[in-house]
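Summary of the model geometry
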Amino acid sequence: MKDKNKEDFNTRVVNGLATMSAAFVARKVLMFAWTKVTGKEPPTNPEDPRVALAEALGWSALVGITMATVRVLAVRAVSRKNPVSADSEPANAADG
């Protein structure tokens with residue numbers, strides 16, 4: 001049981017590091033792309049009333065969708081490198 005807990009901890013650490021790294025790169029790419037497309041820097045505070053509503057919503061939606069996608073892809077990439085042990089069930093296994 002102790003080895004299983006250590007394995008879970010190690011998996012969580014690797015998943016966290018992969019997610020943070022991927023999010024950092026994705027945010028940099030998003031900022032570069034936003035600047036190229038709009039000609040302006042992305043809003044640093046979309047809640048600021050001086051930022052146009054369309055710009056704030058566009059940036060927020062773009063960042064939210066991208067970060068959620070990057071997180072899933074990063075965790076899946078790490079999981080592919082570290083296959084699940086034969087005695088454990090997949091997360092969506094049917095109860096029965």
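Up top is the structure these notes are about.
Rules of the game
Every residue gets a number counted from 1 within its own chain, in the order that chain's sequence is written. Local features in this predicted model are restricted to residues of pLDDT 70 or higher, and side-chain atom pairs are both shown and tallied only at a pLDDT of 80 or more, whereas totals for entire chains, interfaces and linings draw on every residue. Note that water and hydrogens are dropped before the side-chain values are worked out from all heavy atoms of the structure. Strands here are runs of E lasting at least two residues and helices are runs of H or I lasting at least four, both read from the DSSP assignment and numbered beginning at the N terminus. Each helix should span, by expectation, one fewer than its residue count multiplied by 1.5 Å. Accessible area is worked out with a 1.4 Å probe on protein chains only. A residue is then buried under 20% of its type maximum, exposed over 50%, and partly exposed in between. We count a salt bridge whenever a side-chain nitrogen from Lys or Arg sits within 4 Å of a carboxyl oxygen from Asp or Glu. Stacked, tilted and edge-to-face pairs are distinguished by plane angle, under 30 degrees for stacked and over 60 for edge-to-face with tilted covering the rest, among Phe, Tyr and Trp rings (Trp via its six-membered ring) whose centres lie within 6.5 Å. Residues with no salt bridge and a relative accessible area higher than 30% make up the patches, which join like charges within 9 Å and nonpolar side chains (Val, Leu, Ile, Met, Phe, Trp, Tyr) within 5 Å. Calculation of accessible area relied on Shrake-Rupley with a 1.4 Å probe; when residues are assessed, cover is drawn exclusively from the protein chains displayed. Here, two residues are considered to be in contact whenever any of their heavy atoms come within 4.5 Å of each other.

1. A closer look at helix H2 (residues 53-81)
Helix length check: H2, at 29 residues, gives a terminal C-alpha distance of 42 Å against a target of 42 Å (1.5 Å per residue), a fit within 8%. For H2, the complete set of buried residues consists of Glu55, Ala56, Trp59, Val63, Val70, Ala74 and Val78.

2. Re the pattern of salt bridges
Close approach of charged atoms allows side chains with opposite charge to pair. Within this structure, the stated rule accounts for two salt bridges. Salt-bridge contacts for arginine 50 lead to aspartate 48; the nearest nitrogen and oxygen are separated by 2.9 Å. Aspartate 48 gets classed as buried once you look at its relative accessible area, which sits at 19%.

3. A few points about the environment of threonine 69
For threonine 69, the position within the fold is in helix H2. A relative accessible area of 42% means that threonine 69 is categorised as partly exposed.

4. What about the packing of aromatic side chains?
Evaluation of the coordinates by the stated rule reveals one aromatic pair. Ring centres of tryptophan 34 and tryptophan 59 lie 5.3 Å apart, and the angle between their planes is 75°; this geometry places the pair in the edge-to-face category. Of this pair, tryptophan 34 sits in helix H1 (residues 2-38) while tryptophan 59 sits in helix H2, and the two are 25 residues apart along the sequence. Take tryptophan 34: its relative accessible area is 13%, and that puts it in the buried class. Relative accessible area serves as the criterion here: at 3%, tryptophan 59 is assigned to the buried category.

5. Structural notes on a nonpolar patch on the surface
A cluster of nonpolar side chains, Phe9, Val13, Leu17 and Met20, forms an exposed patch at the surface whose accessible area comes to about 410 Å². Tracing the sequence through the fold places phenylalanine 9 in helix H1.

6. Examining the environment of proline 43
By secondary structure assignment, the location of proline 43 is in the loop between H1 and H2. For proline 43, a relative accessible area of 8% puts it in the buried group. In sequence terms proline 43 and alanine 56 are 13 residues apart; their C-alpha atoms lie 6.9 Å from each other. Among all residues touching proline 43, those that are not within four sequence positions of it are Trp34, Val51, Glu55 and Trp59.

Keep in mind that these numbers describe shape and distance, not what the molecule does.
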